[in-house]
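Residues per chain are reported as follows:
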Amino acid sequence: MALLMSSGSVLAGARDYVSVVGSSTVYPFATVVAERFGKNTGSPTPKIESTGSGGGMKLFCAGVGTAHPDVTNSSRRMKASEFEKCQGNGVTDIIEVLIGYDGIVVANSKKAKQMSLTRKDLYLALAAKIPGPDGKLITNPNKTWKDVNAELPAVKIEVIGPPPTSGTRDAFSELAMEGGAKKFEALRALRKEEKSDSIMEMMDKLGIPPSAYNKKGKKVFKAVTHALREDGVYIEAGENDNLIIQKLEANPEALGIFGFSFLDQNSDKVQGSLVEGNMPSFDNIADKSYPISRPLYFYIKKAHIGVVPGITEYAAEFSSDRAWGPEGYLADKGMISMPVELRAKYASDIKNTVPISGL
């Protein structure tokens, strides 16, 4: 309470609604829960803002007090650096809630032929640097999908996707780009290496400048593989997945990257590409056979519970079987439900306001 009272001129009771920020992927799920909560309880409907996972974490971790959000949504787990930032700003008790799963789809217009891609194809199409004929990394020269893989069409590579602040971008980089890069032995070895001399030697063989050195090969690997092209092949669409759908309708030859829920809701307009031979579907995401899938979260600021009304009640609605259960209304929106034991665990954490101890 003292922290809340000391946050500038912001006093307890200055806000009578729950403030939620964060992931554009979680946004439609959070919005429908907020609407149900407001309708069923008569309380003010929580305000949900789509800021991206990274943007939401920045706002959430900025401090305690009703000038700051109560909850942040994320399409990835909170990073250790974000947790430390929170701690440094007095946001010391954070309740982590895993809410379900989502797949990241690479989709195109139904007016075009459905694509069948591998993670290696995606890496060779979108990475800023890829291995050249001598093994050294070169500026990506690929212009068409046929340049990437002779079995793919001779269609110009044009992919519309999320910006760096998006959890979808983070997850795509980790699951798709890293997954593709690991198909190259030299990059895979660099990722595993922890000896300084060996890392420097591998970097030299790959043509990575010494300025990129890190004592962990995994971090050098990430820096290389997460860097996307900036030559117009990859087009950032902001934190607006609906805009990507519109652009795909306007340009049937382009591909778009977004969460499975948007594919599910727009299946009359766009189709998901097969990845490693697997369709993005409820069943394939749930059993992990679809390789580009990720968990979804929200985080609650415990210090705001009891000060801002409705936080625990909103979270309880989100974690009810009627919402996140396999037959719940969030499944109708495209979210893949967790097993019953995980749902029970996180519902209990909400009820008992159990904070995470670290990341």
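The present account deals with the structure reproduced in this document.

Thresholds applied
- Residues numbered from 1 in each chain as written.
- Predicted model: local features only at pLDDT ≥ 70, side-chain atom pairs only at ≥ 80, totals over all residues.
- Heavy atoms only, no water.
- Helix = DSSP H or I, 4+ residues; strand = E, 2+ residues; numbered from the N terminus.
- Rg over C-alpha atoms; globule rule 2.2 N^0.38 Å.
- Buried < 20%, exposed > 50% of the residue type's maximum accessible area, 1.4 Å probe, protein only.
- Contact = heavy atoms within 4.5 Å.
- Lys, Arg positive; Asp, Glu negative; His and termini not counted.
- Charge placed at Lys NZ, Arg CZ, Asp CG, Glu CD.
- Disulfide = S-S within 2.5 Å.
- Patch = residues over 30% accessible without salt bridge, like charges linked within 9 Å, V, L, I, M, F, W, Y side chains within 5 Å.
- Areas by Shrake-Rupley, 256 points an atom, 1.4 Å probe, with all protein chains shown as cover.
- Salt bridge = Lys/Arg side-chain N within 4 Å of Asp/Glu carboxyl O.
- Core = buried A, V, L, I, M, F, W, Y, C linked by side-chain atoms within 4.5 Å.
- 1 Å grid on protein atoms, 1.4 Å probe; cavity = no way out; pocket = protein on both sides within 12 Å on 5 of 7 lines; lining within 4 Å.
- Points joined across faces, edges and corners; volume = space filled by probe spheres on them.
- Nonpolar A, V, L, I, M, F, W, Y, C, P; charged D, E, K, R; others polar.

1. A closer look at the overall build of the protein
Link 1 in the chain: Along the backbone of the protein there are 17 helices and 13 strands.
Link 2 in the chain: Against the 2.2 N^0.38 benchmark of 21 Å for 359 residues, the protein shows a C-alpha radius of gyration of 22 Å, consistent with a compact globule.
Link 3 in the chain: When the backbone C-alpha atoms are referred to their principal axes, the protein occupies close to 65 × 50 × 35 Å.
Link 4 in the chain: Out of the 359 residues in the protein, the part that is buried amounts to 52%.
Link 5 in the chain: Long-range contacts, defined here as pairs at least 24 residues apart, represent 71% of the contacts in the protein between residues at least 6 apart.
Link 6 in the chain: Where the 44 positive side-chain charges of the protein centre and where its 42 negative ones centre are 2 Å apart.

2. Here's the deal with the state of the cysteines
Link 1 in the chain: Counting across every chain of the model gives one disulfide.
Link 2 in the chain: Through a disulfide, Cys61 is tied to Cys86; the S-S separation comes to 2.0 Å. Between Cys61 and Cys86, the disulfide has an S-S torsion of -75 degrees and is therefore left-handed. You can see Cys61 sitting in the loop between helix 3 (53-60) and strand 3 (71-74) and its partner Cys86 sitting in helix 4 (residues 80-88), a full 25 residues away along the chain.
Link 3 in the chain: Residue classification places Cys61 among the buried positions, given a relative accessible area of 1%.
Link 4 in the chain: Cys86 sits in the buried class, given a relative accessible area of 0%.

3. Some words on the side chain of Thr353
Link 1 in the chain: By the element assignment, Thr353 lies in the segment after helix 17 (340-351).
Link 2 in the chain: Sequence-distant contacts of Thr353, defined by excluding residues within four places in its chain, comprise Ile95, Lys302 and Ile305.

4. Description of a positive patch on the surface
Link 1 in the chain: Together, Lys120, Lys182, Lys183, Arg188, Lys192, Lys215, Lys216, Lys218 and Lys219 make up a positively charged patch on the protein surface.
Link 2 in the chain: Residue assignment for the positive patch shows that the elements contributing at least two residues are helix 8 (185-192) and helix 10 (217-225).
Link 3 in the chain: Mapped onto the elements, Lys120 comes out in helix 5 (residues 119-126).

5. Some remarks on the environment of Gly103
Link 1 in the chain: Here Gly103 lies in strand 4 (residues 94-109).
Link 2 in the chain: Linking Gly103 and Ala62, residues 41 residues apart in sequence, is a C-alpha distance of 30 Å.
Link 3 in the chain: If near-sequence neighbours (up to four positions away) are discounted, Gly103 is found in contact with Phe258, Gly259, Phe260, Ile285, Tyr290, Ile292 and Ser293.

6. Observations concerning the nonpolar core
It is characteristic of soluble globular proteins that their nonpolar side chains tend to be buried jointly.
Link 1 in the chain: Of all hydrophobic cores here, the largest spans 99 residues; its most connected members are Leu126, Trp145, Phe258 and Leu330.
Link 2 in the chain: Excluding anything up to four places from it in sequence, Trp145 contacts Met115, Leu117, Asp121, Leu122, Ala125, Leu152, Pro153, Val155, Lys156, Ile157, Val159 and Leu255.

7. Focus: the layout of surface pockets
Link 1 in the chain: Considering only enclosed or pocket space, the largest pocket measures out at about 330 Å³ in volume.
Link 2 in the chain: Lining the largest pocket are 15 residues, and of these Arg76, Arg77, Asp170, Ala171 and Glu174 sit closest to its centre.
Link 3 in the chain: Those elements giving two or more residues to the lining of the largest pocket turn out to be helix 7 (167-181) and strand 13 (293-301).
Link 4 in the chain: Residue composition of the lining of the largest pocket, grouped by class: five nonpolar, three polar and seven charged.
Link 5 in the chain: Counted as a void, the second largest pocket has a volume near 180 Å³.
Link 6 in the chain: The wall of the second largest pocket is formed by Ala128, Lys129, Leu137, Gly207, Ile208, Pro209, Ala212, Val220, Ala223, Val224 and Ala227.
Link 7 in the chain: Per-element tally for the lining of the second largest pocket: the top contributor is helix 10, with three residues.
Link 8 in the chain: Classifying every residue of the lining of the second largest pocket gives nine nonpolar, one polar and one charged.

Function-wise, these values are silent; they only describe arrangement.
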